[in-house]
Each structure stands twice: as C-alpha cells, then as structure tokens.
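# Topology and contacts: notes
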Amino acid sequence: MTDTEIEGPGRHRNGDELAESATKRDDVFDETYKEKEGPKPSMIIVWKNIMLMTLLHIGAVYGISLVPSAHVLTWAWSVFCFLISALGVTAGAHRLWSHRSYKASLPLRIFLAIANSMAFQNDIFEWARDHRVHHKFSETDADPHNAVRGFFFAHIGWLLVRKHPDVIEKGKKLELSDLKADKVVMFQRKYYKMSVLLMCFSIPMFVPWCLWGESLWLGYFVPGLLRYTLVLNATWLVNSAAHMWGNRPYDTNINPRENKFVTLSAIGEGFHNYHHTFPYDYASSEFGCKLNLTTCFIDLMCFLGLAKDCKRVSPEIVLARAQRTGDGSTRNRNG
Ligand SMILES: [Zn+2]
Ligand SMILES: [Zn+2]
C-alpha cells in the first residue's frame, strides 16, 4: 500500500495516510444522524434473491445428506475451503479493508482477495462500503442490516429486499478513496463474477474429483454449496445474534454483544461489543488470539513478514472504558 502515491489537496499523500484518514471518519459511530420522522418507506421485495437463497439452502440441506458418503479427504477439503473463505471475509474484507486495522503486503492482499471471492459475499469494495455504513449508522435506518428490525432482517432479510433509501444515501457519501486506490480491490471488483465462478464453485468441486476421485456431484454439493452456505450463515450471525444476545462489558449504550457461539462459528468475530467500541483494533477482541483464529492468522502473517502495523488498544484504555460504560461483567471478561 505504501507504493500507492496519490495527490491530495495541496500535498502528496501515500495510500496508508489516505487509508487512515478515510477510515478514521467512516467506521466510527455518527451521533449526529437522525432517522427521518413519519412513516417508513415500504419494503420492496427482491424475488430473484429470495429464489436464489431458497435454492441455495435447499442445496445445502441436500449436501448434508451427502456428507456420510463423502471421502474423508473431501471432509478435510470442505473444512479447508470453509476456513479460507472465512479468512477472506474476516482478515480481508473486514479487518483489513473495512477497518484498516493492520497493513498487508501485496502477496497477502492478493491471497485475501482470492479467498474473499471463494466466500462470495459481494466484492471487497461493496462489502467494505456497506460495513463502514453499518458501523457509522449502527442500529438506525441507514444501517444495511439494522438489528432493530429483528433477527431475520439482520441475518438474511436485508439481502431479500431493496436497501432503505438512507443506506444508499449514506453509502454514497462515504469517501472510500483508500479502497479505490487499492489495485487489488479494484481488480477483484472488475473480474468479480469470473473469480466467484472459479473460487466459490469450480475449485471446491474439481479438486476432490481430480486428486482423489470424488464425484463431481458430491464436490458441487458438499465443499461447494454446503460450505458456501455455512460461511454465509456464520457471517450473518455476527449481524444478527451478536447484535442481540450476550454481555456488553465495554459499552451498554450500543446493541452489539459478546457472543461465544458467534466467536466460534465466525472464527473470532463474536467479540462484537468490543469491536463496535474499538473498531480499529486488529484483534477485534481484548484477548488477542484466544478463540480467535483470524487474529492467529494475522499474527502468523506478521511473523512471516507479510503484514505489519497491527493497531491495538492499550489495556488501560480498555479497562477505563469498561468501567465507565460497561455492563459490570468486566470482572468476568476473562471467562
Ligand atoms: Zn456489527
Ligand atoms: Zn467491523
């Protein structure tokens, strides 16, 4: 990222400075926003998405019925694909590109973009834009998956209807120059459909067929559709369950919670009260690697020299904040 020179107003700024300034504004809660008064605009259902999501989940349930007859290596491959695609979202689209909580070298960014295509959750640019809007306008009309509208809406419903006009309006106002300046992000966006076809469906299906003679049918339904559906639901649980159930040791004024089940399924993203309180912390948790595979992965990348400058909140600041605005479960924060 340091290789990206961009001309700013009156001076030269490199990509890193640009990234810092962009996210400093755009992933922090904006208290000045007020929802419009009067009746809410009516929901416009997107039938195509309802059909696709229904078919996907039927395919995933059928995939479960095939699991017992799969080769043991296909099981291992499915878990591997789950982890890679999850990292493409958690370490990639989320902690790197949405929050800029650490810096990644070009090879790591390329890997994370490929992994992100395997997860097929909209391209990095769109994911990060929606996610910054989510943090900035959390639990309001301008939040894409506003959890105040209930579990179903926050989990999957938001993808089955047209966005609330405020989400679109606020999304357009984000600067996003750091994402536009990242060639890896823009390359993935340009070739997104092709990369999804290859990474989310073809590679998971063809590798077991080529290497240990698994049937293409099973390869399509187990490491393909079933694994994809599980990663989707694991990610959605962060928006639904982790915004509804759990303790709030850091800030009781916000809805996001600490939810252990989500932490396990979304490889470390369930410390959500912490994350919304300190969105720039690369570990997304007070406890570093504990129950947090994504943080372990970023630490490993730093050890290998592929990542650096991980942002962290000092224990003193965390404690002071917990005492000031937490729910009193602070003494049990270590479990
Ligand atoms: Zn959230
Ligand atoms: Zn976030």
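Quantities reported herein were computed from a predicted structural model and do not represent experimental measurements. (Residues numbered from 1 in each chain as written. Chains lettered and ligands numbered in written order. Predicted model: local features only at pLDDT ≥ 70, side-chain atom pairs only at ≥ 80, totals over all residues. Heavy atoms only, no water.)

## Regarding the UniProt feature "transmembrane region" (unreviewed entry) in the protein chain
Inclusion rule: UniProt positions are given in the numbering used here, feature names are shortened, and annotations may be inferred rather than shown by experiment. Here a helix means four or more residues in a row that DSSP labels H or I, a strand means two or more in a row labelled E, and each is numbered from the N terminus.
UniProt tags residues 50–69, 75–97, 191–211 and 217–238 as "transmembrane region" (unreviewed entry). Secondary structure content for residues 50–69 is 85% helix and 0% strand, and the end C-alpha separation is 30 Å. Each end of residues 191–211 is marked by a C-alpha atom, and these two atoms are 27 Å apart; helix forms 95% of the span and strand 0%.

## Quick look at the packing of helix 3 (residues 72–98) against helix 5 (residues 124–136)
Put simply, the rule reads: Whenever a helix is involved, its axis is fitted only over the stretch in contact; in every case the axis is a line through C-alpha atoms, and angles between N-to-C directions fall within 0 to 180 degrees. Here a crossing is taken to be left-handed if its near helix is turned anticlockwise relative to the far helix by less than a right angle, and right-handed if that turn runs clockwise. Note on contacts: a residue pair qualifies if any of its non-hydrogen atoms lie within 4.5 Å across the two residues. Each residue receives one of three labels: charged for Asp, Glu, Lys and Arg, nonpolar for Ala, Val, Leu, Ile, Met, Phe, Trp, Tyr, Cys and Pro, and polar for the others, Gly being one of them.
At their nearest, the axes of helix 3 and helix 5 sit 9 Å apart, and the two run at 65 degrees to each other. Once helix 3 is placed against helix 5, the crossing between them reads as right-handed. Residues Val89, Ala93, His94, Trp97 and Ser98 of helix 3 touch helix 5, and the partners they reach there are Ile124, Trp127, Ala128, His131, Arg132 and His135. Split by residue class, the contact of helix 3 with helix 5 holds 6 nonpolar, 4 polar and 1 charged.

## As for unusual backbone geometry
Using the following cut-off: Residue exposure (1.4 Å probe, protein chains only): buried if accessible area is under 20% of the type maximum, exposed if over 50%, otherwise partly exposed.
Of note, Phe120 is a non-glycine position whose phi angle comes to about 45 degrees, a positive value. Structurally, the position occupied by Phe120 is in the loop between helix 4 (106–119) and helix 5. Taking the relative accessible area as the measure of exposure, Phe120 reaches 30% and is therefore partly exposed. In this model, Asn122 sits at a positive phi of 75 degrees, which is unusual for a non-glycine residue. Structurally, Asn122 is set in the loop between helix 4 and helix 5. According to the relative accessible area criterion, Asn122 is partly exposed, its value standing at 29%.

## Considering the coordination of the zinc ion (ligand 2)
What counts is decided by this rule: Sites may look incomplete, because water is not among the atoms used; the donor set itself consists of N, O and S atoms within 2.8 Å of the metal (3.2 Å for Na, K and Ca).
Donor atoms from the polypeptide that bind the zinc ion (ligand 2) are His94 (NE2), His99 (NE2), His131 (NE2), His135 (NE2) and His275 (NE2), placed at 2.0 to 2.2 Å. As a motif over one chain, the donors of the zinc ion (ligand 2) read H-x4-H-x31-H-x3-H-x139-H. Between the zinc ion (ligand 2) and the zinc ion (ligand 1) the interatomic distance comes to 6.0 Å. Of this pair, His94 sits in helix 3 while His135 sits in helix 5, and the two are 41 residues apart along the sequence.

## Some words on the pattern of salt bridges
To keep things clear, this is the line we draw: In what follows, salt bridge is the name for a side-chain nitrogen of Lys or Arg lying within 4 Å of a carboxyl oxygen of Asp or Glu.
Here the structure, examined in full by the defined rule, presents 16 salt bridges. The shortest N-O distance in the salt bridge between Lys36 and Asp166 comes to 2.7 Å. Taken together, the residues span a long stretch of sequence, with Lys36 in the loop between helix 1 (15–26) and helix 2 (47–66) and Asp166 in helix 7 (residues 165–173) at a distance of 130 residues. Look at Lys36 and you get exposed, because its relative accessible area is 52%. Relative accessible area serves as the criterion here: at 2%, Asp166 is assigned to the buried category. As a salt-bridge pair, Glu269 and Arg95 come within 2.9 Å of each other at their nearest N and O atoms. Of the two residues, Glu269 sits in the loop between helix 12 (260–265) and helix 13 (272–277) while Arg95 sits in helix 3, which places them 174 residues apart along the sequence. Each member of the pair, Glu269 as well as Arg95, is classed as buried. Residues joined by salt bridges that share partners form a network here, namely Lys36, Asp166, Glu169 and Lys173.

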